[in-house]
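Coordinate analysis (summary)
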Amino acid sequence: MPGQSKRRRQHQDERRRSADRFAPEAGRWEVLFETQDEQEWREYIRRLRVSDKQIDWASARMDTFCGRLTQPTTYRLSLFVRAIVPDRDMDSPDN
């Protein structure tokens, strides 16, 4: 198919950039909300999208941990928090 190689390379590049962006040394995932009620989870996300315009939804992770007979299904919303990189100027002995 025409263009299939190009699309495949673009997808691979995007996956690589995403892996670099969310690498463990780049920061951590912080849980914002967790519940076992799907309706409550959807409502929280809807309200958050309307009220908080500063959230970068590309760095949000919405997980559904499927339950079995002994564990109920759990819904979790997490945001990636970047690691704080110390400023080299502040660490100099002259300061």
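The structure contained in this document is the topic of the report that follows. Model, not experiment: these values are computed from the prediction.

Turning our eyes to something else, we now look at the side chain of Thr74. In this structure, Thr74 sits in strand β3 (residues 74–82). Judged by relative accessible area, which is 13%, Thr74 ranks as buried.

Topologically, Asp56 is positioned in the loop between α2 (38–51) and β2 (60–65). Taking C-alpha positions, Asp56 is 8.5 Å from Leu79, a pair spaced 23 residues apart along the chain. Those residues within four positions of Asp56 in sequence are excluded, and the remaining contacts are Arg21 and Leu79. Looking at Asp56, its side chain comes within polar contact range of the side chain of Arg21, at 2.6 Å.

Cut-offs used in this document
- Residues numbered from 1 in each chain as written.
- Predicted model: local features only at pLDDT ≥ 70, side-chain atom pairs only at ≥ 80, totals over all residues.
- Heavy atoms only, no water.
- Helix = DSSP H or I, 4+ residues; strand = E, 2+ residues; numbered from the N terminus.
- Buried < 20%, exposed > 50% of the residue type's maximum accessible area, 1.4 Å probe, protein only.
- Contact = heavy atoms within 4.5 Å.
- Polar contact = N/O pair within 3.5 Å; in protein donor to acceptor, adjacent residues only side chain to side chain.

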